[in-house]
Amino acid sequence: MRRQFSGLILAAVSLLLASSVFAQQKATGVLNADQGSVVINKHIYGHFAEHLGRCIYGGIWVGEDSSIPNINGYRTDVVNALKAIQIPNLRWPGGCFADEYHWKDGIGPRESRPKMINTHWGGVVEDNSFGTHEFLNFCELLGTEPYICGNVGSGSVEEMSKWVEYMTFDGESPMANLRKQNGREKPWKVTYFGVGNENWGCGGNMTAETYANEYRRYATYVRNYGENRVYKIAGGANVDDYNWTETLMRNVPHHMMRGISLHNYTFTNSWTNKGEATGFNEDDYFNVLFNGVRMDELIRRHTTIMDKYDPAKRISLVVDEWGAWYNVEKGTNPGFLYQQNTLRDAILAGVILNIFHDHAERVQIANLAQMVNVLQAIILTEEDKMVLTPTYHVFNMYKVHQDATRLPLTVTSHEYSKGRRKLNAISATASMNKEGKIHVSLVNVDPVNEIEFSCDLRGTSASKVGYAQVLTAKEIGSHNTFASPEVVKLADMKGAKIEKGILKVKLPAKSLVTVQLN
Ligand code: AHR
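Just so it is clear, the model here is predicted, and its values are computed rather than measured. The numbers attached to residues start from 1 for each chain and follow its sequence in the written order. Given that this is a predicted model, residues contribute local features only at a pLDDT of at least 70 and side-chain atom pairs are listed and counted only at 80 or more, while totals for whole chains, interfaces and linings are drawn from all residues. Hydrogens and water are ignored here; the side-chain numbers use all heavy atoms of the structure.

### Description of the nonpolar core
Okay, so step 1: Throughout, nonpolar core names a set of buried Ala, Val, Leu, Ile, Met, Phe, Trp, Tyr and Cys residues whose side chains join them through atoms within 4.5 Å. Only protein chains enter the area calculation, which uses a 1.4 Å probe; residues under 20% of their type maximum are buried, those over 50% are exposed, and those in between are partly exposed. Of all hydrophobic cores here, the largest spans 125 residues; its most connected members are W322 and F356.
Okay, so step 2: Ranked by the residues each element gives to this core, the list is headed by helix α10 (residues 343-358), at 10 residues.
Okay, so step 3: Summarising the domain contributions, this core has at least three residues from each of domain 1 (23-37 + 407-517) and domain 2 (41-403).
Okay, so step 4: Contact partners of F356, with chain neighbours within four places excluded, come to I44, M295, I299, V319, W322, V363 and A366.
Okay, so step 5: Counting 27 residues, the second largest nonpolar core, distinct from the first, contains L409, V440, L457 and A496. Per the convention used, a helix needs a DSSP run of H or I reaching at least four residues, while a strand needs a run of E reaching at least two, with both numbered from the N terminus. Where each domain starts and ends comes from a domain assignment, either automatic or drawn from a database. Only heavy atoms enter the contact rule, under which two residues are in contact if any of them lie within 4.5 Å.

### Some details on the site of the ligand
Okay, so step 1: Of all residues adjacent to the ligand, which total 14 residues, the nearest are E50, C96, E198, Y265 and E321.
Okay, so step 2: Within the side chain of N197, an N or O atom sits 3.1 Å from an oxygen atom of the ligand.
Okay, so step 3: The side chain of E198 places a nitrogen or oxygen atom 2.8 Å from an oxygen atom of the ligand.
Okay, so step 4: Where accessible areas are quoted, they stem from the Shrake-Rupley method and a 1.4 Å probe; at the residue level, only the protein chains shown are allowed to cover. For the ligand, the protein covers 93% of the area, taking 280 Å² as the surface of the free molecule.
Okay, so step 5: Across the shell around the ligand, the residue classes tally to seven nonpolar, four polar and three charged. For this description, a residue counts as near a given molecule or strand if any of its non-hydrogen atoms is within 4 Å of it. Pairing of N or O atoms within 3.5 Å defines a polar contact, subject to two protein rules: one partner must be a possible hydrogen donor and the other a possible acceptor, and residues neighboring in sequence count only if both atoms are side-chain atoms. Lys, Arg, Asp and Glu make up the charged group, whereas Ala, Val, Leu, Ile, Met, Phe, Trp, Tyr, Cys and Pro make up the nonpolar group; the residues left over, Gly among them, are polar.

### A few points about the packing of aromatic side chains
Okay, so step 1: Ring pairs are drawn from Phe, Tyr and Trp, using the six-membered ring of Trp, whenever the two centres fall within 6.5 Å, and their geometry is named by plane angle: stacked under 30 degrees, edge-to-face over 60, tilted for the rest. Summed over all chains, the structure comprises 25 aromatic pairs.
Okay, so step 2: Arranged with centres 6.2 Å apart and planes meeting at 0°, the rings of W103 and W163 form a pair that is stacked. Separated by 60 residues along the polypeptide, W103 in the loop between β6 (89-92) and β7 (116-118) and W163 in helix α4 (residues 157-168) bring together distant segments of the chain. Of the two residues, W103 and W163, neither departs from the other in class, the shared state being buried.
Okay, so step 3: Aromatic side chains W322 and F356 sit 5.5 Å apart centroid to centroid with 85° between the ring planes, which places their arrangement in the edge-to-face category. A residue pair is termed long-range when its members are at least 10 positions apart, and W322 in strand β13 (residues 316-324) and F356 in helix α10 qualify at 34 residues.
Okay, so step 4: Overall, the relative accessible area of 0% leaves W322 in the buried class.

### Section: helix α8 (residues 282-292)
Okay, so step 1: Within α8, burial applies to Y285, F286, N287, V288, L289 and G292.
Okay, so step 2: Here α8 starts with a cap whose side-chain oxygen sits 3.1 Å from the backbone nitrogen of D283, and that cap is N281.

By themselves, these are just geometric observations and shouldn't be taken as functional.
If you want it as structure tokens, here you go:
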């Protein structure tokens with residue numbers, strides 16, 4: 001009897017404990033739908049494809065003779081998946097690879113193109129079979145804008161200048177004629193052009209002052225031909241190197257550049273302790289998100305410097321490398337940077353995209369690293385198999401925000417914390433597209449608690465939820481594999497509603513939700 005009694009007490013105590021740990025949380029918000037003024041540039045949804053590991057070769061390009069189904073050499077499955085998420089721009093050929101790439105090696109008959117060693121990424125032989133034509137035609141196939149990164153570190157002003165002429169000059173000229181000889185009569189449209197990459201490091205180990213001078217020289221000869229207008233982007237700072245941004249803003253005449261880049265990766269702990277892509281614990285989950293939101297501080301501080309010199313915000317901050325970087329998957333080439341991608345990465349992507357929206361006045365372009373099989377990839381491939389990662393689904397869910405007007409949305413939620421480190425449990429954003437449709441995206445980063453979210457809708461007569469989508473899974477480490485490709489996928493969500501001007505939606509623990517208001 002006594003044993004039974006103490007058993008009952010134990011059960012009651014554990015129920016009590018469990019209910020306090022797993023309690024449903026409440027959060028509120030206010031959306032001012034008639035106060036949007038800033039457009040979220042679709043180019044913050046850009047991607048990055050470097051000659052690194054299996055990103056280009058095997059991931060995108062298999063060649064026309066491959067047994068893997070392809071469209072003129074590009075994997076059909078990958079092309080279709082990319083088209084579905086409306087990629088606005090694609091950065092190529094690197095990364096560090098860009099500053100040792102010599103474009104003339106990648107044109108003409110493929111069998112006679114010279115080979116080179118890809119010294120940065122595994123020391124493998126690069127046969128140059130994917131070059132300028134293959135890249136620009138791929139962009140045309142996807143309906144995406146190319147963002148070319150030129151070689152400052154080991155190239156020359158003449159080489160860069162001739163590349164631009166080759167790609168964009170419509171008329172009689174040595175480079176335009178060479179292009180025509182290689183089968184392309186009309187020039188391509190190339191708007192986005194980076195003058196070097198990480199020139200403080202793999203792009204030449206320069207000081208900020210040296211690079212600023214080099215930029216002026218190189219950029220002078222990146223010409224506008226015909227109608228083509230080049231949006232020149234200076235190689236920017238590494239993470240919190242504010243001096244780099246300050247030096248460029250001070251030393252480069254503003255009419256010579258439209259953007260300055262910023263690179264910031266997210267590690268579980270640090271560059272020397274990146275952590276694992278799968279099999280992590282909740283502390284690691286928290287660390288990644290906590291380190292990820294540092295993007296906000298970095299953008300703020302670089303923006304403050306840029307504002308001093310360019311209050312009109314003509315020059316944009318181009319976050320052209322961002323994403324999670326973990327230890328490579330065991331058994332893979334360490335130089336290939338292949339990693340799995342979990343629900344944690346999807347949540348990180350949602351939170352960072354929301355930060356970009358918050359800074360839409362200054363952040364006009366961003367590129368997730370990288371598109372296929374490398375770092376925070378949206379697609380993984382293995383021979384003829386392909387799988388979409390959780391991060392892919394975020395880009396699919398968020399495409400509604402491309403070129404939409406950001407709406408002011410404030411959210412009050414509990415905090416998800418570890419010791420003294422805290423994160424707001426909800427990261428949120430809202431926008432109105434050209435058709436007047438409002439989309440609200442909410443990320444519940446709390447891995448345990450569901451949140452009942454009520455949002456006061458002001459300045460809109462929206463009375464119905466058009467649709468609601470959710471991305472979540474059983475575990476923070478859930479991921480898709482070739483054997484089980486749909487463990488983490490987008491699903492329709494029931495239950496979201498508008499009642500008397502209040503949007504009500506339940507956010508599952510560790511989830512992303514997008515609601516359309518009609
Ligand atoms: O994306 C991988 C590498 O990270 C890029 O080549 C380089 O620019 C950065 O350091």
